[in-house]
Amino acid sequence: MRPYLLLTVIFLLNAVSWITEAQTPAYRSRPPVRHHRTHRPTRPAAASVDYYTNSAGNRVQSPTFYTAPPSGATAECRDGTYSFSQSRRGTCSRHGGVKRWI
């Protein structure tokens, strides 16, 4: 095989690969997000309840598993936790999104 013919074939294969890659939508190149469910206790122990400080500077209970909507909950997350968020923005963002508002 002549050297220029081999170089041409290699160039064409690289060009086809580049074109195929350029046409692939960005959402397909990202790895899939995997949400795993954790054990759901019937009622959280006092030590297992976590809190965070929201953007307004208020201390808010982190999403927690309950068997029924607890008082003060504002939303049920898709992973089964109940959120106590004081604004809609970012509610259940690390828990699969909002399943329903309460």
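Everything discussed here concerns the structure shown above.
## Examining the sheet that holds strand S5 (residues 81–83)
Two pairing modes exist for strands in a sheet, parallel and antiparallel, and in both the strands are linked by backbone hydrogen bonds.
Step number 1: Taken in spatial order, the four strands line up as S3-S5-S4-S6 in an open sheet, and their pairing is antiparallel. Of all the strands in the sheet, the pair left with one neighbour each is strand S3 (64–65) and strand S6 (98–101).
Step number 2: Sheet topology note: the S3/S5 ladder contains two bridges and is antiparallel. Bridged to Phe65 within S5 is Thr81.

## A short note on the state of the cysteines
Step number 1: Applying the stated rule across the entire model yields one disulfide.
Step number 2: The residue that forms a disulfide with Cys77 is Cys92, at a sulfur-sulfur distance of 2.0 Å. Judged by the sign of its S-S torsion, about -75°, the cystine formed by Cys77 and Cys92 is left-handed. Here Cys77, found in strand S4 (residues 75–77), pairs with Cys92, found in the loop between S5 and S6; they are 15 residues apart in sequence, far enough to count as distant.
Step number 3: Residue class for Cys77 comes out buried when judged on its relative accessible area of 0%.

## Examining the side chain of Thr91
Step number 1: Inspection of the secondary structure puts Thr91 in the loop between S5 and S6.
Step number 2: The exposure class of Thr91 is buried, given its relative accessible area of 8%.
Step number 3: Among the polar contacts made by the side chain of Thr91, one reaches the side chain of Ser85 at a distance of 3.0 Å.
Step number 4: Ignoring sequence-local partners within four residues, the contact set of Thr91 consists of Ala75, Ser83, Ser85, Val98 and Trp101.

## A closer look at the side chain of Thr64
Step number 1: As for its position among the elements, Thr64 is in strand S3.
Step number 2: Judged by relative accessible area, Thr64 falls into the buried class, the value being 8%.
Step number 3: Within the structure, Thr64 has its side chain in polar contact with the side chain of Gln61 (distance 3.0 Å).

Conventions adopted
Residues numbered from 1 in each chain as written. Predicted model: local features only at pLDDT ≥ 70, side-chain atom pairs only at ≥ 80, totals over all residues. Heavy atoms only, no water. Pairing = 2+ DSSP bridges. Helix = DSSP H or I, 4+ residues; strand = E, 2+ residues; numbered from the N terminus. Disulfide = S-S within 2.5 Å. Buried < 20%, exposed > 50% of the residue type's maximum accessible area, 1.4 Å probe, protein only. Polar contact = N/O pair within 3.5 Å; in protein donor to acceptor, adjacent residues only side chain to side chain. Contact = heavy atoms within 4.5 Å.

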